[in-house]
Structures are given as C-alpha cells and as structure tokens.
Amino acid sequence: IIALSIFVLVVMPPPVIDDDKKQIILPLPGKEINKLPENIQLIYSEIRKSMQSGCFNAAIMLMRKLIMHIAVEEGDSEGKKFIEYIDYLCTEGIVPKKSRNKADYVKDLGNSANHEIEDRNEEEAQNCFEFIELLLKVNYEFADIVNSAN
C-alpha cells in the first residue's frame, strides 16, 4: 500500500486593517546576527520585537541596556555608570572612533526615554537600531577568529 499526501500551500497577504490597508504584523526589522553571546542575543531579539511592534521607547531603552551588556561581555565590570561603559567600549575600539557620537546618541535617547515624559519616535529608534546592528555585526559576526591550526 502506498500512502500519498498532498499539501496545498496557500499564499496569503499579511493581515491588514480594512480602512487604511496598513499591515498589522510587520516583519522583524534587521537581520539575525551570528555568533552573538546568549545574553546579547536575547536582548537583541527583544529590541527587534519592540521595533516590530512600534514600541520605540522600549526599543531605545533596550538598546541602552544592550550597550551595557556588550561592555561587560567584552571585559568591563558590572555596576558602573552608563557613560563609563561607553568610554570603555570606545577606548577598547569596540565602538569605532568615528562612531562615538552614535553611542552618545543612544545614551542620550535612552536617558530621555527612561527619565522624561517625552516619547521617542520611530526615526530616533531606527537611527539607534542601525548603529546597534552594525556594532553587533562588526564585533561578533564579522570578528576575526584565530584558527589554532594556522
């Protein structure tokens, strides 16, 4: 007896709101980044989901937190002021010299999102996200790996 299964693939457009034809569920922004330490991967995933959901205050606060995690992962100690983590990352070359202003931008927006009533917007969050994504790619996914066989 031969069993035969037939699967029908139905391609449907994304869910929409009838009046405005806007997508309800947007794709995750950014890309998966290889070789991230587990704790950094977890926060990066939360950032992407926050951006996807339009939770820009949360995304910016998480990006600030991610910078702290990167600093500790790269050898700095816990319990420091945030500016000290930025200084460490810049001094160690983890944040490229010409990108210091971007790191400060994330710091300032994160402070604002945490301590002020004014909401952060999509453009600000996207600007921070692009910096964070590049920082992760350069320092983890594209990092040189020394092969002990060489």
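Cut-offs applied
Residues numbered from 1 in each chain as written. Predicted model: local features only at pLDDT ≥ 70, side-chain atom pairs only at ≥ 80, totals over all residues. Heavy atoms only, no water. Core = buried A, V, L, I, M, F, W, Y, C linked by side-chain atoms within 4.5 Å. Buried < 20%, exposed > 50% of the residue type's maximum accessible area, 1.4 Å probe, protein only. Helix = DSSP H or I, 4+ residues; strand = E, 2+ residues; numbered from the N terminus. Contact = heavy atoms within 4.5 Å. Phe/Tyr/Trp six-rings, centres within 6.5 Å; stacked < 30°, edge-to-face > 60°. Lys NZ or Arg CZ within 6 Å of the ring centre and 35° of its normal. Expected span 1.5 Å × (residues − 1).

Visitor: Would you mind going over the nonpolar core with me for this structure?
Guide: Looking at soluble globular proteins, one finds that nonpolar side chains tend to be buried together. Grouped together as the largest cluster of nonpolar side chains are 36 residues, with contacts concentrated most on M63, I70 and L136. Looking at this core, the elements with two or more residues in it are α1 (38-52), α2 (56-73), α3 (82-91), α4 (100-115) and α5 (122-141). Sort the elements by how many residues they give to this core and α2 lands first, with nine residues. Once residues within four sequence positions are removed from consideration, M63 is found in contact with I47, M51, V106, A125, C128, F129 and I132.

Visitor: When you look at the packing of aromatic side chains in this model, what are you seeing that I'm missing?
Guide: Aromatic ring pairs are reported here in terms of the distance separating the ring centres and the angle at which the planes meet. Tallied over the full model, the rule gives one aromatic pair. Both rings, one in Y44 and one in F129, keep their centres 6.1 Å apart while their planes meet at 5 degrees; by these two values the pair is stacked. Of this pair, Y44 sits in helix α1 while F129 sits in helix α5; the two residues are 85 residues apart in sequence, bridging distant segments of the chain. We note that Y44, like F129, is buried. Seen from the ring of F82, R64 lies directly overhead, with NZ or CZ sitting 4.2 Å from the centre.

Visitor: What should I look at first to understand the environment of K49 in this one?
Guide: Position of K49 relative to the elements: it lies in helix α1. Overall, the relative accessible area of 48% leaves K49 in the partly exposed class. Between the C-alpha atoms of K49 and P27, which are 22 residues apart in sequence, the distance is 9.2 Å.

Visitor: I would appreciate a short explanation of unusual backbone geometry in the present structure.
Guide: Positioned with a positive phi, K35 is a non-glycine residue whose angle comes to about 70 degrees. Checked against the element boundaries, K35 lands in the segment before α1.

Visitor: What is the right way to look at α4 in this model?
Guide: Along an α-helix, a turn takes 3.6 residues, which lines up residues three or four apart on a common side. Compared with the 22 Å implied by 1.5 Å per residue over 16 residues, the 22 Å span of α4 between its first and last C-alpha is a close match. Those residues of α4 that fall on the buried side of the exposure criterion are A103, V106, K107, L109, G110, S112 and A113. Along its buried surface, α4 packs onto α2, α3 and α5.

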